[in-house]
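An overview of the molecular structure
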Amino acid sequence: MTPNQLRKALSNLNGERDAVFYFQNADECLVPRAMLIPDEEDHLVKLTDGRHEYMIDAERVAWVRLG
């Protein structure tokens, strides 16, 4: 998955739902009350829960659960 594809898939996150990322090596990452941070100069996919920022390696994402 490319960063642009992942950003588009996550574009409707507004802080009301959790996002769980499952990576190719079977690791997972929970982002509670996830909000997508707008694209910045570094072009990294970033989410926030209001307290922390999470940088997601789009190329290693196997699938995502939005709840």
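Residues numbered from 1 in each chain as written. Predicted model: local features only at pLDDT ≥ 70, side-chain atom pairs only at ≥ 80, totals over all residues. Heavy atoms only, no water.

Below, the discussion takes up the pairing of strand β1 (residues 19-23). Each regular strand carries side chains that alternate between the two faces of the sheet. Of all five residues that make up β1, five are buried, and the element is covered over most of its length. The alternating pattern of β1 places A19, F21 and F23 and V20 and Y22 on opposite faces, both of which are buried. Inspection of the sheet shows β1 paired to strand β2 (residues 28-31) by four bridges, in the antiparallel sense. The residue bridging A19 from the neighbouring strand is V31, located in β2. (Buried < 20%, exposed > 50% of the residue type's maximum accessible area, 1.4 Å probe, protein only. Helix = DSSP H or I, 4+ residues; strand = E, 2+ residues; numbered from the N terminus. Pairing = 2+ DSSP bridges.)

This part takes up the side chain of T48. By secondary structure assignment, the location of T48 is in strand β4 (residues 45-48). Separated by 3.0 Å, the side chain of T48 and the backbone nitrogen of G50 make a polar contact. A distance of 2.7 Å separates a polar side-chain atom of T48 from the backbone oxygen of H52. Apart from residues no more than four positions distant in its own chain, T48 is found in contact with V31, R33, A34, M35, I37 and E53. (Polar contact = N/O pair within 3.5 Å; in protein donor to acceptor, adjacent residues only side chain to side chain. Contact = heavy atoms within 4.5 Å.)

Next up on the list: the sheet that holds strand β5 (residues 53-56). Taken in spatial order, the three strands line up as β3-β4-β5 in an open sheet, and their pairing is antiparallel. Edge strands, defined here as strands with exactly one partner in the open sheet, are β3 (35-36) and β5. As paired elements, β4 and β5 share four bridges and run antiparallel to each other. Following the sheet pairing, T48 is matched in β5 by E53.

Using the criterion set out here, one finds three salt bridges in the structure. Put simply, D39 and R7 hold a salt bridge, and the shortest N to O gap is 3.4 Å. Within this pair, whereas D39 is found in the loop between β3 and β4, its partner R7 is found in helix α1 (residues 3-9), the two being separated by 32 residues in sequence. Since its relative accessible area comes to 12%, R7 is described here as buried. A salt bridge links K46 to D42; its shortest N-O distance comes to 2.8 Å. D42 sits in the partly exposed class, given a relative accessible area of 38%. One connected set of salt bridges, linked through shared partners, spans E40, D42 and K46. (Salt bridge = Lys/Arg side-chain N within 4 Å of Asp/Glu carboxyl O.)

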